[in-house]
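Report on the structure
For reference, the chains in residue letters:
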Amino acid sequence: MKTCHQFNTVRAEYQREIGYMIAHSKRHEGRPAAKSSAKQAASAKQRMARALNSHVARCPECG
């Protein structure tokens, strides 16, 4: 599937955010902050999927 620059930018931004949250979760393993960060990372993955699906539906270059 060919994607546009905006799609790649949105995906990279979400992946960077998710990476930070997962790294934080690993650094603070066993603490409440780690559990919270892991939940936020899972939520961000869902938001990323929703945002990218919405983008593909609207973008003439991706769709």
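Please read these numbers as outputs of a predicted model, since none were measured by experiment. (Residues numbered from 1 in each chain as written. Predicted model: local features only at pLDDT ≥ 70, side-chain atom pairs only at ≥ 80, totals over all residues. Heavy atoms only, no water.)

So, the overall build of the protein chain
- When helices and strands are tallied, the protein chain shows two helices and zero strands.
- Compactness check: the protein chain gives a C-alpha radius of gyration of 14 Å against a globular reference of 11 Å for 63 residues, more than 25% above the reference.
- Principal axes of the C-alpha set define a box for the protein chain whose edges measure 45 × 15 × 15 Å.
- Expressed as a percentage of the 63 residues in the protein chain, the buried residues total 24%. (Helix = DSSP H or I, 4+ residues; strand = E, 2+ residues; numbered from the N terminus. Rg over C-alpha atoms; globule rule 2.2 N^0.38 Å. Buried < 20%, exposed > 50% of the residue type's maximum accessible area, 1.4 Å probe, protein only.)

Regarding the side chain of Ser-37
- For Ser-37, the location among the structural elements is in helix 2 (residues 32–58).
- Polar side-chain contacts of Ser-37 include one of 2.7 Å to the backbone oxygen of Met-21. (Polar contact = N/O pair within 3.5 Å; in protein donor to acceptor, adjacent residues only side chain to side chain.)

Thoughts on the environment of Ala-41
- Its location among the elements puts Ala-41 in helix 2.
- Distance from Ala-41 to Lys-2, taken between C-alpha atoms, is 27 Å for residues 39 residues apart in sequence.
- Among all residues touching Ala-41, those that are not within four sequence positions of it are Ile-18, Met-21 and Ile-22. (Contact = heavy atoms within 4.5 Å.)

Examining helix 1 (residues 5–27)
- The first and last C-alpha atoms of helix 1 sit 33 Å apart over 23 residues, in line with the 33 Å expected at 1.5 Å per residue.
- Listing the buried residues of helix 1 in full gives Phe-7, Tyr-14, Ile-18, Met-21 and Ser-25.
- Considering only its buried residues, helix 1 is in contact with helix 2. (Expected span 1.5 Å × (residues − 1).)

Thoughts on the nonpolar core
- In terms of nonpolar packing, the biggest core is built from eleven residues, these being Cys-4, Phe-7, Tyr-14, Ile-18, Met-21, Ala-41, Ala-44, Met-48, Leu-52, Cys-59 and Cys-62.
- The set of elements that each furnish at least two residues to this core consists of helix 1 and helix 2.
- If sequence neighbours within four positions are ignored, Met-48 has contacts with Arg-11, Tyr-14, Gln-15 and Ile-18. (Core = buried A, V, L, I, M, F, W, Y, C linked by side-chain atoms within 4.5 Å.)

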